[in-house]
Amino acid sequence: MQAGHASATSSLVAMARAIFDKAPRTYSATHDPIAMKLIPRRMAQWTTALQKAWNVPALGYPALKLISLGLFEQVALRTAAIDSVAIMAAQSGIKQLVILGAGLDARAYRLKGIEQTTVYELDHPATQQYKKRKTQDVAPLVREHHFVAIDFAHDRLLARLEDAGFVSGERTLWLMEGVSMYLPRPAMEDTVAQVQAASAPGSRFAITYFPPLAGVFGIAPVRITLRRIMERMKEPFLGIIATSDLHRLLAAHDFSIATDEYPPDWARRYTPAVNPKTVLGLERLVVAEKQ
Ligand SMILES: C[S@@+](CC[C@H](N)C(=O)[O-])C[C@H]1O[C@@H](n2cnc3c(N)ncnc32)[C@H](O)[C@@H]1O
């Protein structure tokens, strides 16, 4: 990653959110009006063109699905699911939100319901420099907002967070969205251990993850092509993890599993007019609570 540039995958995720921000309610429950502002200039033109697909939703929806192999819709659904996790945590009195690998996540600027929360955004310094520049004229809507530069593979999470004002005795929502698949196993285990050490009982940990690739992505040529694309983007998949394996890892660190869902579950909840069987189900979301 280059200084002053966002990670390529964080830009793609923001692009998906910007496209689905313009979708009619039938196809999306995601609202991210900030996403368009965060997208690198070279991608903005494409995004504007793809947003036009919603002018004729009955054609645009399947076309967007085809172009992105279902990935844009998956991101939109996961955004809605995680928004709901964040709002429920705030309603239960949790006042600290730590976003691990925040990328171009705009919740601190847009998500109504978390206004009383202090948000810590953790990411590589390169992505953060870019995001700071892009958000210069947007005010966060949360109580406090801090950028904390980190590399999960090398840095100590708690020390960095405490320097920024984090209180480890207070309940926290930890959010790791679209990140675990880029972390080698030792970095993932170490991050979970550090989150355990920094979490008061009743804290929550929401992690999206890729179990071994299945369906169309499990077919060897598709799987290999996808891996090559990720390698070219310099963000290879290093952290594919089975559901039972991740649940064991969390249980070993005092987190009990509350829910574990995937995009068809979110489609049933948020876009009931869409057939859940047609929704890509690659990425799962586990939510666990610290004992
Ligand atoms: C696919 S993006 C997801 C961003 C954001 N969570 C979202 O859903 O919009 C992955 C993010 O993880 C960050 N990341 C990956 N590996 C990391 C590491 N070792 N240390 C810090 N950040 C990392 C990248 O910089 C990038 O912003």
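Residues numbered from 1 in each chain as written. Predicted model: local features only at pLDDT ≥ 70, side-chain atom pairs only at ≥ 80, totals over all residues. Heavy atoms only, no water.

## Focus: the nonpolar core
Alright, step 1. Membership of the largest hydrophobic core comes to 54 residues, with the highest contact counts inside it found for Ile 19, Phe 20, Trp 54, Leu 97, Leu 173 and Leu 285.
Alright, step 2. Per-element accounting of this core gives the leading share, 10 residues, to helix H5 (residues 71-91).
Alright, step 3. Residues within four places of Phe 20 in sequence aside, it is in contact with Tyr 27, Ser 28, Thr 30, Trp 54, Phe 72, Glu 73 and Ala 76. (Core = buried A, V, L, I, M, F, W, Y, C linked by side-chain atoms within 4.5 Å. Buried < 20%, exposed > 50% of the residue type's maximum accessible area, 1.4 Å probe, protein only. Helix = DSSP H or I, 4+ residues; strand = E, 2+ residues; numbered from the N terminus. Contact = heavy atoms within 4.5 Å.)

## Describing the site of the ligand
Alright, step 1. For the ligand, the set of nearby residues contains 22 residues, the closest of which are Arg 17, Arg 78, Gly 101, Asp 123 and Glu 177.
Alright, step 2. Within the side chain of Arg 78, one N or O atom sits 2.9 Å away from an oxygen atom of the ligand.
Alright, step 3. At a separation of 2.7 Å, a nitrogen atom of the ligand approaches a polar backbone atom of Glu 177.
Alright, step 4. Contact with the protein chains hides 96% of the accessible area of the ligand, taken as 590 Å² for the molecule alone.
Alright, step 5. In terms of residue count, helix H1 (residues 8-21) provides more of the shell around the ligand than any other element does, four residues in total.
Alright, step 6. In terms of residue class, the shell around the ligand is built from eight nonpolar, eight polar and six charged. (Near = heavy atom within 4 Å. Polar contact = N/O pair within 3.5 Å; in protein donor to acceptor, adjacent residues only side chain to side chain. Areas by Shrake-Rupley, 256 points an atom, 1.4 Å probe, with all protein chains shown as cover. Nonpolar A, V, L, I, M, F, W, Y, C, P; charged D, E, K, R; others polar.)

## Some remarks on the sheet that holds strand S7 (residues 284-290)
Alright, step 1. Pairing in this open sheet of seven strands is mixed, and the strands run S3-S2-S1-S4-S5-S7-S6 from one edge to the other. Each edge of the open sheet carries a strand with a single partner, namely strand S3 (144-149) and strand S6 (255-261). Across the sheet, the mean angle from the axis of one strand to that of its neighbour is 15°, orientation sign disregarded. (Pairing = 2+ DSSP bridges. Axes fitted to C-alpha atoms, helices over the stretch in contact; angles between N-to-C directions.)

## What to know about helix H9 (residues 185-198)
Alright, step 1. Relative to the 20 Å expected for 14 residues at 1.5 Å per residue, H9 spans 20 Å between its end C-alpha atoms, a close match to the ideal helical length.
Alright, step 2. Looking at H9, one finds that the buried residues are Ala 187, Met 188, Thr 191, Val 192, Gln 194, Val 195 and Ala 198. In an axial view of H9, the angular spread of the buried residues amounts to 165°, which keeps them on one side of the axis. In H9, the exposed positions that point more than 90 degrees away from the buried face belong to Pro 186 and Ala 197.
Alright, step 3. Buried residues along H9 sit against strand S1 (96-100), helix H8 (157-163), strand S4 (172-176), strand S5 (204-209), helix H11 (243-251) and S6. (Expected span 1.5 Å × (residues − 1). Arc of directions from axis to C-beta.)

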